[in-house]
Amino acid sequence: MNKLPISVCVIAGAEERRIGRMLSSVAGWTSEIVVVLNEGLNDGTEKIALAYGAKIFRRPWSGFRDQKNFALAQATRAWILSLDADEEVPPELHDSIQRFFTGDHERFAGASFARKVWFMGRWITHGDWYPDRVLRLFRRGQGQWAGSPEHCAVQLTGPSCILAGDLLHFSNPDISSYVNKFNYFADVFLQRQLAEKARWSATGAIFRAVWRFVRAYLFRLGFLDGYPGFFIAASTAYSTLLRHSRLFEHLQPALPPCPPPKSP
């Protein structure tokens, strides 16, 4: 198979259970694989990546945005395909990318496609989680990761197109792993609010949470995904309320210290 002029760029922590699926989906038809590992982690992730011919770099964790931009800087091919360790390029999307390069790809600086999540035993195809269109294929030097450290997206210089096929996403193997992320993102969101000197509003916190449920479950047809659709909409509303409540908690008086023990 002729390999496309693509550098696959990946950042990873301890991902030995998932990264093999992603690497096997791109190793046969891309020209280069760049994997940036968090410094200090020593599970089997590096060994698996090396087995697929990846170039390995280690770096202290600096947030999603900066870590991904570091990976881009290590790439050498004309195009970048930026993936996460818990994603997979299935045959339909692979074929779509192949057609893009045999067609009029010279007209574009990048291409986007839908992303589909596996959760609670099924593919989620409605609500806030689908189509979750992402721009991950772009010319080297014409795209970079921008946004906040925890929520970033590729900022592209030039026109883009939409490709057929879904990028598969295995981000949450179970409910516990999904819920465990809430506090991390709430902590990061609080720090950003403090840096921006944001003001807390009870009305705003409650409205945002209610709106996220209504939008996901009703307007974006989350109910068509059955109980998982309801769970996702409800948990998204809760995580929204959690994020917007942290500033309220931060502004409250500190708990007074315990009095010293009385002498006998």
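For clarity, every value in this text was computed on a predicted model and none was experimentally measured.

J.: Lay out the overall build of the chain in plain terms, naming residues and giving numbers.
T.: Counting its secondary structure elements, the chain contains 8 helices and 11 strands. C-alpha extents for the chain along the principal axes are approximately 80 × 45 × 35 Å. Within the chain, the proportion of its 264 residues that are buried is 45%. The contacts in the chain between residues at least 6 apart in sequence include a share of 74% that link residues at least 24 apart. Surface exposure of the chain reaches about 14000 Å², of which carbon and sulfur atoms provide 57%. Averaging the coordinates of the 31 positive side-chain charges in the chain and doing the same for the 24 negative ones gives two points 4 Å apart.

J.: Tell me what's going on with the packing of aromatic side chains, and back it up with residues and numbers.
T.: Under the criterion given, the structure shown has 23 aromatic pairs. Measuring from centroid to centroid gives 5.1 Å for Trp 118 and Trp 123, while their planes differ by 75 degrees, and the two rings are edge-to-face. Ring centres of Tyr 217 and Phe 223 lie 6.1 Å apart, and the angle between their planes is 75 degrees; this geometry places the pair in the edge-to-face category. Take Phe 223: its relative accessible area is 38%, and that puts it in the partly exposed class. Three or more aromatic residues link up through ring pairs in this structure, and these residues are Phe 119, Trp 129, Tyr 178, Phe 182, Phe 231 and Tyr 238. A cation sits over an aromatic face here: Lys 68 above Trp 145, 4.2 Å from the ring centre.

J.: Before we move on, can you summarise the pattern of salt bridges with the specific residues and values?
T.: Counted under the stated rule, the structure contains 21 salt bridges. A salt bridge links Asp 225 to Arg 122, with the nearest nitrogen and oxygen atoms 3.9 Å apart. Highlighted residues: Asp 225 in the loop between helix H7 (202-219) and helix H8 (226-251) and Arg 122 in strand S7 (residues 122-124), separated in sequence by 103 residues. Exposure remark for Arg 122: the relative accessible area of 31% places this residue in the partly exposed category. Among the ionic contacts, a cluster of salt bridges with common partners joins Lys 68, Asp 84, Glu 87, Arg 115, Asp 132 and Arg 136.

Cut-offs applied
- Residues numbered from 1 in each chain as written.
- Predicted model: local features only at pLDDT ≥ 70, side-chain atom pairs only at ≥ 80, totals over all residues.
- Heavy atoms only, no water.
- Helix = DSSP H or I, 4+ residues; strand = E, 2+ residues; numbered from the N terminus.
- Buried < 20%, exposed > 50% of the residue type's maximum accessible area, 1.4 Å probe, protein only.
- Contact = heavy atoms within 4.5 Å.
- Areas by Shrake-Rupley, 256 points an atom, 1.4 Å probe, with all protein chains shown as cover.
- Lys, Arg positive; Asp, Glu negative; His and termini not counted.
- Charge placed at Lys NZ, Arg CZ, Asp CG, Glu CD.
- Phe/Tyr/Trp six-rings, centres within 6.5 Å; stacked < 30°, edge-to-face > 60°.
- Lys NZ or Arg CZ within 6 Å of the ring centre and 35° of its normal.
- Salt bridge = Lys/Arg side-chain N within 4 Å of Asp/Glu carboxyl O.

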